[in-house]
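# Descriptive analysis of the structure
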Amino acid sequence: MSEEKKLTPRSVDFSAWYNEVVLRAELADYSPVRGCMVIRPHGYGIWERIQRALDAMFKATGHVNAYFPLFIPESFLRKEAEHVEGFAPEAAVVTHGGGEKLTEPLVVRPTSETIIYSMYAKWVQSYRDLPILINQWANVVRWEMRTRLFLRTLEFLWQEGHTAHATFEEAEAEARKILELYREFMERWMAMPVITGVKTDAERFAGALRTYSCEAMMQDNKALQAGTSHNLGQNFARAFDLKFQTEAGTMEYAWNTSWGVSTRLVGALVMTHGDDRGLRLPPRLAPIEIVIVPIWRSDSEQSRVLEVATQLRNELSEWNGRGEDKLRVRLDAREGIKPGAKYYDWELKGVPLRIEIGPRDVASGSCVAVRRDTGEKRPIPLANAASEAALLLERIQGDMLSAALERREAHTVRGELTYEQFREIMEGEGAFVFAGWNGDPAVEARVKEETKATIRCIPDPEFRSRPSPSRCMVTGEPAKYEVVWAKAY
RNA sequence: CGGGGCGUAGCGUAGCCCGGUAUCGCGCCUGCUUUGGGAGCAGGAGGUCGCCGGUUCAAAUCCGGCCGCCCCGACCA
């Protein structure tokens, strides 16, 4: 019997549970600097899987990677009025270098629009130079008041795409295309369903014309903004004199978009799929998809089991039934630790599939596969273990998405409801509420004040309820939009 | 920046009210026995009790100040 503290059950305190999973599954750790997080190898491995998948998707849509400076002259931020207003309060500023006071302070980038569009201005003369489709993998710094592991840290890793186009329509199409790309990634890779839509003015990115977002529901029924894509219009092009000569010979400002997702996605994964045993990883993002745990009693059993287990490990990792995408397998041959302890260990870390193999299995030419998501056990023959395991992994990926979608729908309220009913929902369990809104920012602010719920987005048509509410939930006036309300991180 | 909580071995903690030289568990090291759901026994190493000052014969404990962290809120990916 161990006296070690058990994981806090999610039902007791979701925040405490989340922190314990992140720390104990060894995804991340607190650093000596407040609000800055150390990403440990397991957490970084997940981020690398995310990077790899997204990068391939960006390249497939014609984007290329580049890198821009960490330091931005303070004056650059000021060139776009809304932008500076939004980011100045959370800027980290370097005032000294080489032992001397700088003539102009340098801002550690909170986002790179300004430095990037200042460069695009040099690169673009003609409509023939457009579009520019560039992505950068980088770290950014935002001096937040309150931080949370992965969800909001002072420094975080992300990908930021920055494009320039010849027309509004082209920029708008780009922003929408990336939104769809994000949605596909979140559903197919993260097994995390999201609602996409456009932000209200209150929630719009500082300097953007329009902001689109992906909104995911965590297991405490709160929303997490998982990704954003902005149509920046000509706001930054004007600020940085990013002009081009059109086919007709006139001069025009370029149209920009920017979009990004961050290490927050790792937190989203935990809060979407974790359970009381720890993390559950969707197979496609799991650094290790399969862990083989050998079981033995005596020395002779040990050598025999390990021999078969090693052979199984090799067969699995060399199997080419998935083409270039090899199975990611780990054999846990540690000695002096009981198999049960190994099970708990890998369950906490979220490995989707465990294969147990002991003397009885060796004798019968089989092994036992155990699903992390459902706990379901099934014997599979060693002869075709690879294809069986691959099939199970695919099923786990699909089932995890279905389960998350079902959970979200069970906590989604659609159709006409009164403000009183809404308040009751927000005071209780919380939910995604589709409701009518008259478009008045004052109403939006009042609801936030009274219930802590915000408009997550004006959703795309496919997510809207049918028929849309005709009245504003708060005022009873005719509704201008249907919106999704929820408390958010 | 407001409200709450906490700083004692690598981790989690007892002791504090009522001062007397630090408790227990996990982990770690050595040896033997173990291994189909967190192993057992024996031995062992490991501590500026967050920091500074005060009271006292004596401070983890009482008093004053400072620092740090976590949680809740305002702000935000």
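Residues numbered from 1 in each chain as written. Chains lettered and ligands numbered in written order. Predicted model: local features only at pLDDT ≥ 70, side-chain atom pairs only at ≥ 80, totals over all residues.

Right, let's talk about the overall build of chain A for a bit. A count of helical and extended segments in chain A gives 14 helices and 23 strands. Rg of the C-alpha trace for chain A: 25 Å, near the compact-globule value of 23 Å for 489 residues, within the 12% margin. With the C-alpha coordinates of chain A rotated into their principal frame, the extents come out at 80 × 60 × 50 Å. Considering chain A as a whole, with its 489 residues, one finds that 43% of them fall into the buried category. (Helix = DSSP H or I, 4+ residues; strand = E, 2+ residues; numbered from the N terminus. Rg over C-alpha atoms; globule rule 2.2 N^0.38 Å. Buried ≥ 20, exposed ≤ 12 C-beta atoms within 10 Å, placed from the backbone.)

A large share of strand β14 (residues 255-262) lies buried, amounting to eight of its eight residues. Of the two faces of β14, both are covered, the one formed by W255, T257, W259 and V261 as well as the one formed by N256, S258, G260 and S262. By the bridge criterion, eight bridges tie strand β8 (residues 155-165) to β14 in an arrangement that is antiparallel. Bridge pairing in β14 places E160 opposite G260. (Pairing = 2+ DSSP bridges.)

Our next topic: the environment of I134. Positionally, I134 belongs in strand β7 (residues 132-141). Of the residues examined, I134 has 20 C-beta atoms within 10 Å and is grouped as buried. Sequence-wise, I134 and T111 are 23 residues apart; in three dimensions their C-alpha atoms are separated by 14 Å. Setting aside residues no more than four positions away along its own chain, I134 makes contact with H63, V64, A66 and H162. (Contact = placed C-beta atoms within 7 Å.)

This brings us to the environment of I458. Tracing the sequence through the fold places I458 in strand β22 (residues 454-459). Once the C-alpha coordinates of I458 and S470 are considered, the two residues, twelve residues apart in sequence, prove to be 15 Å apart. Contacts of I458, omitting those with residues within four sequence positions, involve G197, V198, T200, Y481 and V483.

Bringing the sheet that holds strand β4 (residues 71-73) into the picture now. Whether parallel or antiparallel, the strands of a sheet pair through hydrogen bonds between backbone atoms. Taking strand neighbours across the sheet as the criterion, the three strands line up as β4-β6-β5 in an open arrangement whose pairing is antiparallel. The sheet is open, and its two borders are formed by β4 and β5 (92-97), each paired with just one other strand. Averaged over all neighbouring strand pairs, the angle between strand axes comes to 45°, with direction disregarded. Where β5 meets strand β6 (residues 100-108), five bridges bridge the pair, whose relative direction is antiparallel. Paired with G97 across the strands is E100, a residue of β6. (Axes fitted to C-alpha atoms, helices over the stretch in contact; angles between N-to-C directions.)

What follows deals with helix α13 (residues 419-427). Along α13, the positions that sit buried rather than exposed are F422, I425 and M426. Across the axial projection of α13, the buried residues extend over an arc of 95°, all falling on one side. Across α13 from its buried face, at more than 90 degrees, point the exposed residues E420 and E427. Check the buried side of α13 and you find it contacts β20 (412-413), β21 (432-437) and α14 (441-451). (Arc of directions from axis to C-beta.)

Moving on to the confidence of the model for chain A. Considering every residue of chain A, the mean pLDDT works out to 94; 99% of them sit at 70 or more. The complex prediction reports pTM at 0.95, with the ipTM value standing at 0.87. (pLDDT = per-residue confidence, 0-100.)

This next bit is on the packing of helix α2 (residues 41-60) against helix α8 (residues 264-273). Following both chains from N to C, one finds α2 and α8 inclined at 105°, their axes separated by 9 Å at the closest point. Considering the angle they form, α2 stands roughly perpendicular to α8. Along its contact with α2, which presents G43, I46, W47 and I50, the element α8 presents L265, V266 and L269. Partitioned by chemical class, the residues of the contact of α2 with α8 number six nonpolar, one polar and no charged. (Parallel < 35°, antiparallel > 145°, perpendicular 65-115°, else oblique. Nonpolar A, V, L, I, M, F, W, Y, C, P; charged D, E, K, R; others polar.)

The next point concerns the packing of helix α9 (residues 299-318) against helix α12 (residues 385-410). How two helices pack is summed up by the angle between their axes together with the distance between the axes. Closest axis-to-axis distance for the α9/α12 pair is 9 Å, and the angle between their directions is 60°. Between α9 and α12, the angle is such that the two are oblique. As α9 packs across α12, the resulting crossing turns out to be right-handed. Counting all contacts with α9, which are made through L312, E315 and L316, the residues of α12 involved are A385, A386 and A389. In terms of residue class, the contact of α9 with α12 is made up of five nonpolar, no polar and one charged. (Left-handed = near helix turned anticlockwise from the far one by under 90°.)

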